[in-house]
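# Reading the structure
Here is how the chains run, residue by residue.
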Amino acid sequence: QLQESGPGLVKPSGTLSLTCAVSGYSITNAVWWSWVRQTPTKGLEWIGAIYHTGGTDYNPSLKSRVNLSIDRAKNQFSLDLMSVTASDTAMYFCARMSAAMASMPYWGQGIVVTVSS
Amino acid sequence: ILLTQSPGTLSLSPGGGATLSCRVSQSVTSSSLAWYQQKPGQAPRLLIFGASNRFTGVPARFSGSGSGTDFTLSISRLEPEDFALYFCQHYDGSLVTFGQGTRLEIK
């Protein structure tokens, strides 16, 4: 099970920080942990993924503003998106990604984040 | 890589069959293509991975096919709960890309 948490409102130019708590599965298993966001206009957009070792892959369109991290002790991983604007307003999902299946079989329920002053 | 789904909206009646298309801008391996279903207020649900493999618990009326640049999700004998948004997704080993989605609505 995956559960997103974090502020629902972020000010423009600030940093959007979300955490995904993983339960029932060790975050140190050999899988990728992903973040995906969704808006009505742009649809689903993959933000990036972090491997259990800490290795990362990012969407090139967001790479300069994104940092992913993993906390093995707390069995959770996190997203920091910097210099946000209104266009970063979205539903944010965390997901467990299987490279072998080239897909994301397990998702959190999502969290709405609004960027506004 | 761009994924283009068609049609944008598909209006059908329960009991009928649906065919959803996902066209990829360049040839990809079948193992890299997946399909998801999403209902309002919910996260996407994995239906098909590797172009044609049903994920655990997915009913047999859902099937995936295709290769190269053209992939299809077929749904036979539409049930009321099948009317939802459907996305295709590609993973090249370092980048995930989604199609824009097809909305399957009740006619």
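As the structure is a computational prediction, the values presented were derived from the model and not from experiment.

### Quick notes on the pairing of strand β8 (residues 76-81) of chain A
In summary, the side chains of a regular strand alternate between the two faces of the sheet. All names here are of chain A. For β8, the tally of buried residues reaches five of six residues, placing the bulk of the element in the interior. Strand direction decides the pairing type here: strand β3 (residues 16-22) and β8, joined by six bridges, are antiparallel. Looking at β8, one finds that S17 is bridged to D80. Across six bridges, strand β7 (residues 66-71) lies against β8 in antiparallel orientation. Directly across from D71, in β8, lies its bridge partner Q76. If you look at the hairpin formed by β7 and β8, you'll find four residues sitting between the two strands, and N75 has a positive phi there, around 55°.

### Overview of the packing of aromatic side chains
Throughout the structure, instances matching the rule amount to nine aromatic pairs over all chains. Ring centres of A:W107 and B:Y36 lie 5.8 Å apart, and the angle between their planes is 80°; this geometry places the pair in the edge-to-face category. Pair noted here: A:W107 is in strand β10 (residues 103-107) and B:Y36 is in strand β4 (residues 33-38), and the two residues belong to different chains. As far as the burial class goes, A:W107 and B:Y36 line up, both buried.

### So, the sheet that holds strand β3 (residues 18-28) of chain B
Residue and element names in this part refer to chain B. If you walk across this open sheet you meet the three strands as β1-β3-β7, and the pairing is antiparallel. In this open sheet, the two strands that pair with only one neighbour each are β1 (3-6) and β7 (62-75). Across the sheet, the mean angle separating the axes of adjacent strands is 20° when strand polarity is ignored. Note that β3 and β7 share seven bridges and pair antiparallel. Considered in β7, the bridge of R23 is made with D70.

### Overview of the environment of A:Q38
Within the fold, A:Q38 resides in strand β4 (residues 32-39). Its relative accessible area of 14% is what places A:Q38 among the buried residues. Among residues more than four places away in sequence, those in contact with A:Q38 are A:G43, A:L44, A:A90, A:M91, A:F93, B:Q38 and B:F87. Within the structure, A:Q38 has its side chain in polar contact with the side chain of B:Q38 (distance 2.7 Å).

### With respect to unusual backbone geometry
Backbone torsion omega between B:S6 and B:P7 reads -10°, so that peptide bond is classified as cis. The residue B:P7 is located in the loop between β1 and β2 (9-12) in this model. Of note, the phi angle at A:S13 is positive, near 75°, even though the residue is not glycine. The residue A:S13 is located in the loop between β2 (9-10) and β3 in this model. A residue is classified by how much of its surface remains accessible, and A:S13, at 61% relative accessible area, is exposed. In this model, A:N75 sits at a positive phi of 55°, which is unusual for a non-glycine residue. By the secondary structure assignment, A:N75 is in the loop between β7 and β8. In this structure A:N75 comes out as buried when scored by relative accessible area, which is 16%.

What counts and what doesn't
- Residues numbered from 1 in each chain as written.
- Chains lettered and ligands numbered in written order.
- Predicted model: local features only at pLDDT ≥ 70, side-chain atom pairs only at ≥ 80, totals over all residues.
- Heavy atoms only, no water.
- Buried < 20%, exposed > 50% of the residue type's maximum accessible area, 1.4 Å probe, protein only.
- Helix = DSSP H or I, 4+ residues; strand = E, 2+ residues; numbered from the N terminus.
- Pairing = 2+ DSSP bridges.
- Phe/Tyr/Trp six-rings, centres within 6.5 Å; stacked < 30°, edge-to-face > 60°.
- Axes fitted to C-alpha atoms, helices over the stretch in contact; angles between N-to-C directions.
- Contact = heavy atoms within 4.5 Å.
- Polar contact = N/O pair within 3.5 Å; in protein donor to acceptor, adjacent residues only side chain to side chain.

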